[in-house]
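A look at the structure
Letter by letter, the chains look like this.
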Amino acid sequence: MLRPKLILLVCLLLTFSCKSQKETKEEKAKTIQVETKVAYDFTASTLLKHVKELSSDAYEGRETGTAGAIKAKNYIISEFEKLGVKPLGKTFEQTFPLPKNKNIQQGENILGFIKGSLKSEEYIVISAHYDHEGIKGGKIYNGADDDASGISALIAFAEYFQKYPPKHSVILAAFDAEEKGLIGSYYFVENSIVPKTQLKLNINMDMISRSDKNELYVVGPQYYPQYKSLIKNTKTSGNVSLKIGHKEWTFASDHAGFHKAKIPFIYFGVEDHEDYHKPTDDFENIHPTFYTNVVQTIISFFQIVDTK
């Protein structure tokens, strides 16, 4: 048993110690808050609004050729027009045929254009796919991460260019029929409106809105080493960890057609998660802070590329 005076002394020491620990924790919390605060080159709330909208049940999973996909196409074009993006061709739509064994006869890429201020004859294609799995077994596959996240980032780029016009010409490509075998992107490359020799780089974004480890992977520098140092010098936002890896994803998304045509690509994406290609890939399951930081990180990479 402790004596009364000793008890009093211990209590005083414990009180002081607890207070000191509390103040230290508060100071650390303030420090962390300051360190992770990010200034975005786009409106973060609008970015999230687009993901929520495009991955809602109203779009019925955005399967190519369905009413939901057409609704998504019209939404994307409307947002492009609001932000001053011009069509690459006579219209935003680039239609393409689908294999005859498919129930749907054609798909539609959406191609926006921003003319470069200094190198207008060199094009950087920034892409994402707007289609997804549609309805299966009566369940809607909303595809929030796959790939409403990439499409919303594409719209964020359009907002960014409204304030900061690019030096190179930029094609904002929302590809269709990615889930049916990368058909839309292959068609774009093989039937390019712009001469292939003028396509400098493809930056592709597919599944960029969630990671338990805050990891964003980059594929491309393994083949095009001139971009390795640019990735390493890219300023990451928040707690995003940018890693070169997963070479096995080379033909997993819309950058594949560019690579096959020997056009350099940089692909940004996260590792598969528990909701990948499931009806649970909903807006509620994305990681909003990580996602907004990822989009800013990709914009930071573009800023470096655009100076080259």
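The following refers to the structure shown. No experiment lies behind these values; they were computed from the predicted model shown.

1. Structural notes on the overall build of the protein chain
- Across its full length, the protein chain holds 8 helices and 11 strands.
- Taking all 308 residues of the protein chain together, the buried fraction comes to 50%.
- For the protein chain, the share of sequence-separated contacts (at least 6 apart) that also reach a separation of at least 24 residues comes to 81%.
- Summing over all exposed atoms, the protein chain offers an accessible surface of approximately 15,000 Å²; the carbon and sulfur share of this is 53%.

2. Considerations on the nonpolar core
- One finds Phe80, Ile126, Leu172, Ile208, Phe268 and Phe301 to be the most contacted residues of the largest nonpolar core, which totals 67 residues.
- Beyond its immediate sequence surroundings of up to four residues, Phe268 is in contact with Ile203, Asn204, Met205, Asp206, Ile208, Leu216, Tyr217, Val218, Ile231, Leu242, Ile298 and Phe301.

3. Here we look at the packing of helix α3 (residues 67–82) against helix α4 (residues 144–163)
- Closest axis-to-axis distance for the α3/α4 pair is 9 Å, and the angle between their directions is 15°. Judged by the angle between their axes, α3 and α4 are roughly parallel. Crossing of α3 against α4: the hand is right-handed. Along the contact surface, α3 presents Ile76, Glu79, Phe80 and Lys82, while α4 presents Ile151, Leu154, Ile155, Ala158 and Gln162.
- Looking at the contact of α3 with α4 residue by residue, the classes come out as 6 nonpolar, 1 polar and 2 charged.

4. A short note on the environment of Tyr227
- Counting through the fold element by element, Tyr227 comes out in the loop between β9 (215–219) and α6 (228–232).
- Each C-alpha atom, one on Tyr227 and one on Phe265, is 9.3 Å from the other, the two residues being 38 residues apart in sequence.
- Ignoring any residue separated from it by four or fewer positions in sequence, one finds Tyr227 in contact with Lys200, Leu201, Pro221, Pro264, Ile266, Phe301 and Val305.

5. Let's talk about the side chain of Ser253
- By the element assignment, Ser253 lies in the loop between β10 (241–244) and α7 (256–260).
- A distance of 3.1 Å separates polar atoms of two side chains, one belonging to Ser253 and the other to Asn204.
- Discounting residues that sit within four places of it in the chain, Ser253 has contacts with Glu178, Leu182, Asn204, Asp206 and Tyr267.

6. Quick notes on the environment of Ile231
- For Ile231, the position within the fold is in helix α6.
- The spatial distance from the C-alpha of Ile231 to the C-alpha of Ile304 is 9.0 Å, given a sequence separation of 73 residues.
- Excluding its chain neighbours within four sequence positions, the residues that come into contact with Ile231 are Val218, Pro221, Leu242, Ile244, Ile266, Phe268 and Phe301.

7. A look at unusual backbone geometry
- In this structure, Asp147 follows Asp146 across a cis peptide bond, with omega equal to 0°.
- Topologically, Asp147 is positioned in helix α4.
- Of note in this structure, Glu60 is not a glycine but carries a positive phi near 50°.
- Within the secondary structure, Glu60 is located in the loop between α2 (44–54) and α3.
- One non-glycine residue, Lys262, lies in positive phi territory at about 65°.

So, how was this worked out
Residues numbered from 1 in each chain as written. Predicted model: local features only at pLDDT ≥ 70, side-chain atom pairs only at ≥ 80, totals over all residues. Heavy atoms only, no water. Helix = DSSP H or I, 4+ residues; strand = E, 2+ residues; numbered from the N terminus. Buried < 20%, exposed > 50% of the residue type's maximum accessible area, 1.4 Å probe, protein only. Contact = heavy atoms within 4.5 Å. Areas by Shrake-Rupley, 256 points an atom, 1.4 Å probe, with all protein chains shown as cover. Core = buried A, V, L, I, M, F, W, Y, C linked by side-chain atoms within 4.5 Å. Axes fitted to C-alpha atoms, helices over the stretch in contact; angles between N-to-C directions. Parallel < 35°, antiparallel > 145°, perpendicular 65-115°, else oblique. Left-handed = near helix turned anticlockwise from the far one by under 90°. Nonpolar A, V, L, I, M, F, W, Y, C, P; charged D, E, K, R; others polar. Polar contact = N/O pair within 3.5 Å; in protein donor to acceptor, adjacent residues only side chain to side chain.

Note that all results are geometric; they support no functional claim without further evidence.
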